[in-house]
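Descriptive structure summary
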Amino acid sequence: MPAPTVEEVEGPVYGMTGRTRGMDRLAIALDTDDSVEALRWARDYRDVFGFAKVGLELFTSEGPGIIYALRELGYKVFLDLKMHDIPNTVKRAARVVGGYGVDLLTVHAAGGVPMLRAAVEGLSEGAAAAGSATEPRVLAVTFLTSDPAVDQIAFIARLDAAAEAGCGGYVCAAAEVEMAKERHPELFALVPGIRFKGAEVDDQGRVATPSVALAKGADLIVIGRSVTRAADPAVAIAMLKAEAAAF
Ligand code: C5P
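These numbers come from a predicted model, not from an experiment.

**Section: the overall build of the protein chain**
Each helix and strand counted, the protein chain has 11 helices and 8 strands in total. Scaling as 2.2 N^0.38, a compact globule of 247 residues should have a C-alpha radius of gyration of about 18 Å, and the protein chain matches this with 17 Å. Expressed as lengths along the three principal axes of its C-alpha atoms, the size of the protein chain is roughly 45 × 45 × 30 Å. Within the protein chain, buried positions represent 49% of all 247 residues. A total of about 11000 Å² of accessible surface is found on the protein chain, and carbon and sulfur atoms cover 53% of it. Measuring between centres, the 25 positive side-chain charges of the protein chain sit 4 Å from its 33 negative side-chain charges.

**Some remarks on the packing of aromatic side chains**
Think of a pair of aromatic rings as described by two things: how far the centres are apart, and how the planes are tilted against each other in angle. The full count for this structure, using the stated rule, is 3 aromatic pairs. Judged by centre distance (6.0 Å) and plane angle (45°), the ring pair of Phe59 and Tyr100 falls under tilted. Linking Phe59 in helix α3 (residues 56-62) with Tyr100 in the loop between α5 (87-98) and β4 (104-108), this pair joins segments that are 41 residues apart in sequence. Among the residues examined, Tyr100 registers a relative accessible area of 12% and is labelled buried. Through a chain of ring-to-ring contacts, the aromatic side chains of Phe59, Tyr68 and Tyr100 assemble into a single cluster. The ring of Phe143 is capped by Arg158, whose NZ or CZ atom sits 4.1 Å from the centre of that ring.

**Observations regarding unusual backbone geometry**
Although it is not a glycine, Lys82 sits at a positive phi angle of roughly 45°. The topology assignment puts Lys82 in strand β3 (residues 76-83). Phi is positive for Asp202, which is not a glycine, with a value near 55°. Its place among the elements puts Asp202 in the loop between β7 (188-191) and α9 (210-215). In this structure Asp202 comes out as partly exposed when scored by relative accessible area, which is 45%.

**Structural notes on the environment of Asp202**
Taking C-alpha positions, Asp202 is 34 Å from Arg95, a pair spaced 107 residues apart along the chain. Here the side chain of Asp202 touches Arg195 through a polar contact of 3.1 Å, side chain to side chain.

**Focus on the site of the ligand**
The local shell around the ligand holds 16 residues, among which Asp31, Lys53, Thr145, Arg195 and Arg225 are the closest. Thr145 is positioned with one of its side-chain polar atoms (N or O) 2.8 Å from a nitrogen atom of the ligand. One nitrogen or oxygen atom from the main chain of Gly224 is found 2.9 Å from an oxygen atom belonging to the ligand. The protein chains hide 90% of the 470 Å² of surface that the ligand would expose on its own. Broken down by class, the residue content of the shell around the ligand amounts to 7 nonpolar, 3 polar and 6 charged.

**Some details on helix α4 (residues 65-72)**
Taken together, the buried positions of α4 are Ile66, Ile67, Ala69 and Leu70. Taken end-on, α4 shows its buried residues confined to a sector of 160°, consistent with a single buried face. Two residues or fewer past α4, Gly74 is found with a positive phi of approximately 100°.

**What to know about the nonpolar core**
Core analysis: the largest hydrophobic core is formed by 68 residues, its most contacted members being Leu30, Phe49, Leu70, Tyr75, Leu79, Val97 and Ile221. When residues in this core are grouped by element, the largest group, 5 residues, is from helix α6 (residues 113-129). Membership of the second largest hydrophobic core comes to 12 residues, among which are Ala29, Phe78, Leu104 and Leu190.

**Observations concerning the pattern of salt bridges**
Side-chain pairing between opposite charges can occur once the charged atoms of the two side chains come close. In the structure shown here, the tally under the stated rule is 15 salt bridges. A salt bridge links Lys82 to Asp80; its shortest N-O distance comes to 2.7 Å. We classify Asp80 as buried; its relative accessible area is 7%. Of the charged contacts, one joins Lys181 and Asp219 as a salt bridge, the two residues approaching to 2.7 Å between their closest N and O atoms. Linking Lys181 in helix α8 (residues 174-183) with Asp219 in the loop between α9 and β8 (220-223), this pair joins segments that are 38 residues apart in sequence. Using a relative accessible area of 18% as the deciding quantity, one classes Lys181 as buried. Linked by salt bridges that have partners in common, Asp31, Lys53, Asp80 and Lys82 make up one network.

Rules used in this analysis
Residues numbered from 1 in each chain as written. Predicted model: local features only at pLDDT ≥ 70, side-chain atom pairs only at ≥ 80, totals over all residues. Heavy atoms only, no water. Helix = DSSP H or I, 4+ residues; strand = E, 2+ residues; numbered from the N terminus. Rg over C-alpha atoms; globule rule 2.2 N^0.38 Å. Buried < 20%, exposed > 50% of the residue type's maximum accessible area, 1.4 Å probe, protein only. Areas by Shrake-Rupley, 256 points an atom, 1.4 Å probe, with all protein chains shown as cover. Lys, Arg positive; Asp, Glu negative; His and termini not counted. Charge placed at Lys NZ, Arg CZ, Asp CG, Glu CD. Phe/Tyr/Trp six-rings, centres within 6.5 Å; stacked < 30°, edge-to-face > 60°. Lys NZ or Arg CZ within 6 Å of the ring centre and 35° of its normal. Polar contact = N/O pair within 3.5 Å; in protein donor to acceptor, adjacent residues only side chain to side chain. Near = heavy atom within 4 Å. Nonpolar A, V, L, I, M, F, W, Y, C, P; charged D, E, K, R; others polar. Arc of directions from axis to C-beta. Core = buried A, V, L, I, M, F, W, Y, C linked by side-chain atoms within 4.5 Å. Salt bridge = Lys/Arg side-chain N within 4 Å of Asp/Glu carboxyl O.

The structure is reproduced here in structure tokens:
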């Protein structure tokens, strides 16, 4: 069943307020299997976040319809599927994703250069075939931020593999982003594992506050539970705005 449109869930969408540059450095992780909840968050926070992240849970539950609904709301979409398979399979799947009009797609850097290159080719072929206005980027996931520690040599090898394969960027924890930017300043850095000062880290091993991650060079930070599961989301949004205001 296709995901309901925003209008079906909450009535007509009135004029968007203008996008700001700062918004394009903030992504909200819509981690739920319920499109009604996801679209409620998306609508509530669309003046704060420029990107919406659709992950495995939401995409498996709702399929591409949720991507179209988020784009209608004015979001750039980050599809976090963390693909890892043989190159041919990844290329074909990435080509399908290219047709959805997403801006970012993740694949595991551990899949190696041929697989990463296949993802890059597939995604751009799919976008071109669909006449998409966006130029989507493949981001290579170096290590998960839930991993307690990162082997630096393996991290650099994965980063170099991403660059060699023509990926547009990578995903890493705030702790590695300065090193990564120094080595590959041309690549886009996406940083999850964001927590406000003094908050629970949940299953995230290597966390940073929004301002620290942005100051270290993250082009985009991804924030999920700190906002969506906050005891008072309005307070969380105010804290985020205060931290992000300088960037
Ligand atoms: O709720 P929280 O802010 O921890 O969510 C972080 C989001 O970033 C999740 O959707 C998770 O899948 C994603 N992510 C991550 N680590 C990576 C890549 C993506 O935590 N390396």
